[in-house]
Amino acid sequence: MILCLDCGNTTIKIGLYAENSLVKKYKIKTVRNKTSDEYSLIFSHLIDSDLKIDGAIISSVVPLLTNELYVALKRSFNVNSLIVGKGLKTKMPIKIDSPNELGTDLLAGAIGAKSKYGYPLVVADLGTATKLYVVDKNGSFIGGIITCGMETSLKALVSSTSQLLETTISRPNKIIGKNTINSIQSGIVLGQAYMVSEFARRIENELGYSLTRVLTGGFSSEIKNEIVCFHYEEDLVLDGLYEIYKLNSKEE
């Protein structure tokens, strides 16, 4: 069984894969000041000790935690994890100004989408930040868009305006809000949905050809029914990590 770990700014997602299928998954909060000992304890309680972990791979956008997670997985499961970055094979040409700046979660997501749908494609990843990124007709990662995610936007809105109320991030029943809460939800949730759709359309116009559209990320479930022509993939980054692991494992 292969353990794939995606460490984001808000959550750490863990997927266990066997025979090319995701068989179990877990999610915990990202806490930057936790030590490898603390994470090792969490992993040991979280994952059934009867499960045999044969290998692991880590994608982390929190550099402070990358080594802590590596050590924690070593202690818990006696595996030397692969870490997504320089030195790992991906078969994904990166055609941006500074390839070293590319987030490992974006790379893994692009590989996951490419393995499922081929190319060209655009991925919309709605998490702490909302990201759209493009794999062109040659199969190369060529760049994308980064903007505020739903939660980030909501916190900024509420903290900057004294008369607006905090609310949950959920899709309202109607576009026109009849109260403050519904009006905020419409602007935050539906606003993201329409932004993503329009960005995808304009990206296609800029490139001059159609793209397969893929939707993923922690907040994507809130808008998946609001946008058309997008394939919803809840575990895209984990799937991409598994593809990278297979490509770099000794058995390949």
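Above: the structure in question.
In this text the structure is predicted, and so the values were computed from the model without any measurement.

1. Observations concerning the pairing of strand β1 (residues 2-7)
Then, number 1: Among the six residues in β1, six count as buried, and that is most of the element.
Then, number 2: Here β1 shows no split at all, with Ile2, Cys4 and Asp6 on one side and Leu3, Leu5 and Cys7 on the other all buried.
Then, number 3: Note: β1 against strand β2 (residues 11-18), six bridges, orientation antiparallel. Looking at β2, one finds that Ile2 is bridged to Tyr17.
Then, number 4: Linking two consecutive strands that pair antiparallel, namely β1 and β2, is a turn of three residues.
Then, number 5: With six bridges joining them, β1 and strand β4 (residues 55-60) adopt parallel strand pairing. What sits directly across from Cys4, in β4, is Ile57.

2. A closer look at the packing of aromatic side chains
Then, number 1: If you walk through the whole model with that rule in mind, you get three aromatic pairs.
Then, number 2: For the pair Tyr17 and Tyr242, a centre-to-centre distance of 4.5 Å together with 10° between the ring planes defines the contact as stacked. Here Tyr17, found in strand β2, pairs with Tyr242, found in helix α6 (residues 236-248); they are 225 residues apart in sequence, far enough to count as distant.

3. Here we look at the pattern of salt bridges
Then, number 1: Under the defined criterion, the tally for this structure stands at 13 salt bridges.
Then, number 2: Salt-bridge contacts for Glu234 lead to Lys25; the nearest nitrogen and oxygen are separated by 3.4 Å. Separated by 209 residues along the polypeptide, Glu234 in the loop between β10 (230-232) and α6 and Lys25 in strand β3 (residues 21-29) bring together distant segments of the chain.
Then, number 3: Accessibility expressed as a relative area gives 46% for Glu234, which makes it partly exposed.
Then, number 4: Where Asp125 meets Lys131, a salt bridge forms, and the shortest distance between an N and an O atom there is 4.0 Å. Considered together, Asp125 and Lys131 belong to a single accessibility category, that of buried residues.

The rules behind each value
- Residues numbered from 1 in each chain as written.
- Predicted model: local features only at pLDDT ≥ 70, side-chain atom pairs only at ≥ 80, totals over all residues.
- Heavy atoms only, no water.
- Buried < 20%, exposed > 50% of the residue type's maximum accessible area, 1.4 Å probe, protein only.
- Helix = DSSP H or I, 4+ residues; strand = E, 2+ residues; numbered from the N terminus.
- Pairing = 2+ DSSP bridges.
- Phe/Tyr/Trp six-rings, centres within 6.5 Å; stacked < 30°, edge-to-face > 60°.
- Salt bridge = Lys/Arg side-chain N within 4 Å of Asp/Glu carboxyl O.

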